[in-house]
Each structure stands twice: as structure tokens, then as C-alpha cells.
Amino acid sequence: MEKKKALLVVSFGTSYEETRKRTIEAIEEDLRRTFPERKFYRAWTSERIRRKLRETQGLFYDNVREAMDRMLQDGITDVLIQPTHMMPGIEYEETRETILSYRSRFDKMRLGAPLLAEEKDLQVLAQVVEEIFQEIKASEMLALMGHGSPHAMFPVYEGLEECFQKDGFGHFCVGTVEYEPGFGAVLQRVRERKPDKVYLTPLLVVAGDHALHDMAGEDSDSWKCQLENEGLETVCIVRGMGEYPSVRQIYVNHALEAKQL
């Protein structure tokens, strides 16, 4: 009997419709085009966002367990799972554990890596970012805002900044909104370089709350306002990483290289 194949794309989720279309759904579409023989499914890991959309907009998104059950009900026997998470942090690990609990119920299961799963991925993303923002002059600076994680398997943000420096992009720096290196590290770099202008952009798949408020917001503690208080011209590029085709291609490559579970 022919195996019924599926593609499951797992994302954190977002309540912002426009950025969802430009990021999560754009990644999904690239993956769907790459695996046209597979029936498409999606799952979101944020219960808070799923509940908010359900209550305010009547939109229903499966969590990972619900998506796995749905595939079983549909007779799927061969499933490829690709997460859109940035790194193997809490959300990814919980996703992996849930998927593994279904291992005996499918004939074949493969799992793709998140964007930054290994140290070699840092160089790949660094070169992509360098290409995207190549017009930023050496006399200016680009500060990327990541989320941060206490569970990273290796120093992702510090490692990415090291890649920039090795490639001759020392005017690119990285900070996080939740953990270390925080905004203080970014501010120190800015004060050392004294740039003509600072560009801010999210090192996040989706340009949601953190990008709109913590980075580009008008409150005094936003990155934008704190840099402006330093007397710096500050420009916010509020685009999630998922909006860039070259970043989405990394996810596609990881899906193509997915490992058997």
C-alpha cells in the first residue's frame, strides 16, 4: 500500500495578521512548494496566542499534539516535521518531545532543524544577513534584536556577532530583549564606535510585540528611544527574518536534510 505523506510546519505563532502572512505563511509556502507530494499541516506552540486568536477572531490553530492526532486520523504514515523556531530552545525541545511520543504510530518520521541548530548555522545566517544589509555603511551600525534563551546549546548571539567581525562586518552587533547579551551590550558597542546612524532590526522570525514595542516603540525604555537619548539618529527596520527569501531558504535546506527519528 502506498504511504500517505505529510509535511507539518511547527511555529510559535503570532497574533499580528500582516506579519504572519509575510513570515510564517511565507515559510510554509516555500516548504509546500519544495514538498508538493506531501499533504500540508501546521501547528503553533504558543497556547496564549492560539487562545487569543480563537477568542478574538475565531481562528483555530492546532497545537503539535492536535496536529499529530489529525494526521493519524487522516491515515498519514510518513511525516516530515519542520519547525520555524530560531534555535533549539524550550519551544523546540517541547515540540521534539511531543513528536517523539508518536514515533511508534507512524511508519516514518523525520525532523528538520531550527534556524540556528549548530555552530555552522551561525556562519550561514551571518552571510545571509550581511547580504541583506550590505548597504549599511561602515560608519553606521546595525543592531539586531534577538529574543534570547537560557537554554541555548551554544552561545548563539555572541557567536553570530563573532561571525560578523570575522567577515569584516564589525559594525553589526547583536543583543537580546530577554536575556544576555542585553541592550547594555549593544549600547556599549554603539558608544565605542560612535556611528553616524544606527539601524535596528529584529533577529526574530516574526516582527511581533518585541519588534514593535521593545525595539521600535515610543516608550522610554525601547531600544529606539534609548539610542535617540544618546543623540543618535536611529532607523527601525521592522521586518521579521521570515520575510527574507534567503532566510526562508535555510529552513527549506534544513527540511531537505531532516533526520530520521
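Let me sum up the structure you'll find in this document. Given the structure is predicted, the values throughout are model-derived calculations rather than measurements.

Points about the sheet that holds strand β7 (residues 198–202)
Strand order across the open sheet formed by 4 strands is β6-β5-β7-β8, with parallel pairing between neighbours. Looking at strand neighbours, the two that pair on one side only are β6 (172–176) and β8 (234–236), the edges of this open sheet. Strand-to-strand, the axes of this sheet are offset by a mean angle of 25 degrees, without reference to chain direction. In terms of strand pairing, strand β5 (residues 141–146) meets β7 through 5 bridges, oriented parallel. Counterpart to A143 in the pairing with β7 is L200. Contacting β5 and β6, helix α7 (residues 156–166) crosses the sheet at an angle of about 175 degrees to β6.

Points about the packing of helix α4 (residues 64–73) against helix α5 (residues 90–100)
Taken N-terminus to C-terminus, the directions of α4 and α5 make an angle of 30 degrees; their axes are 10 Å apart at the nearest point. In terms of orientation, α4 and α5 fall into the roughly parallel class. Once α4 is placed against α5, the crossing between them reads as right-handed. Contacts between α4 and α5 involve V64, R65 and M68 from the first element and T95, T98 and I99 from the second.

The rules behind the values
Residues numbered from 1 in each chain as written. Predicted model: local features only at pLDDT ≥ 70, side-chain atom pairs only at ≥ 80, totals over all residues. Heavy atoms only, no water. Pairing = 2+ DSSP bridges. Helix = DSSP H or I, 4+ residues; strand = E, 2+ residues; numbered from the N terminus. Axes fitted to C-alpha atoms, helices over the stretch in contact; angles between N-to-C directions. Contact = heavy atoms within 4.5 Å. Parallel < 35°, antiparallel > 145°, perpendicular 65-115°, else oblique. Left-handed = near helix turned anticlockwise from the far one by under 90°.

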